[in-house]
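# Residue-level structure breakdown
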Amino acid sequence: MNPLKLTDARPGPAFTVTFDGREIHALPGQTVAAALWAAGVTSWRSTRGAGRPRGVFCGIGVCFDCLVTVNDRPNQRACLVPARPGDAIRTQEGTGHDD
């Protein structure tokens, strides 16, 4: 069942953000992580050294596994940052800085 029907939610109209250059849709109130999940994206960071894929782990901003670059700002926790129209979201490699 659709969770929007369960809660009788009526979010505003969808808007567009980009993820690694690909347009995806987000709804008002969604975090970056929720918008990525809804678009079928489950990994958007790679670890330092080993380059292992990461996405949401805790979902409450404690673990830092969901770090992403938003509008050229690295180390943004995707589970906490609200998606905004026109955001440019990019996969974060390692620390997100030129190491």
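Residues numbered from 1 in each chain as written. Predicted model: local features only at pLDDT ≥ 70, side-chain atom pairs only at ≥ 80, totals over all residues. Heavy atoms only, no water.

This paragraph deals with the overall build of the protein chain. For the protein chain, the count of helices and strands is 2 helices and 8 strands. Secondary structure elements of the protein chain occur, N-terminal to C-terminal, as α-β-β-α-β-β-β-β-β-β. Residues classed as buried in the protein chain amount to 33% of the 99 residues present. As presented, the protein chain carries roughly 6200 Å² of accessible surface, and 53% of it is formed by carbon and sulfur atoms. (Helix = DSSP H or I, 4+ residues; strand = E, 2+ residues; numbered from the N terminus. Buried < 20%, exposed > 50% of the residue type's maximum accessible area, 1.4 Å probe, protein only. Areas by Shrake-Rupley, 256 points an atom, 1.4 Å probe, with all protein chains shown as cover.)

By secondary structure assignment, the location of Gln92 is in strand S8 (residues 92-93). Filtering out sequence-adjacent residues up to four positions away, Gln92 remains in contact with Trp44, Arg45, Ser46, Leu67, Val68, Thr69, Pro74 and Asn75. (Contact = heavy atoms within 4.5 Å.)

Although it is not a glycine, Asn71 sits at a positive phi angle of roughly 50 degrees. On the basis of relative accessibility, which here comes to 40%, the residue Asn71 falls in the partly exposed class. Although it is not a glycine, Asp72 sits at a positive phi angle of roughly 70 degrees. When you line up the elements, Asp72 lands in the loop between strand S5 (67-70) and strand S6 (73-77).

A separate point is the pairing of S5. Across the two faces of S5 the burial is the same, with Leu67 and Thr69 and Val68 and Val70 all buried. Strand direction decides the pairing type here: S5 and S6, joined by 3 bridges, are antiparallel. From the neighbouring strand, Val68 faces S6, where its bridge partner is Gln76. Taken together, S5 and the strand that follows it, S6, pair antiparallel across an intervening segment of 2 residues, in which Asn71 is found at a positive phi of about 50 degrees. Alignment of S5 against strand S7 (residues 88-90), held across 2 bridges, turns out to be antiparallel. Its bridge partner lying in S7, Val70 is registered against Ile89. (Pairing = 2+ DSSP bridges.)

It is worth stressing that arrangement in space is one thing and function is another; only the former is reported here.
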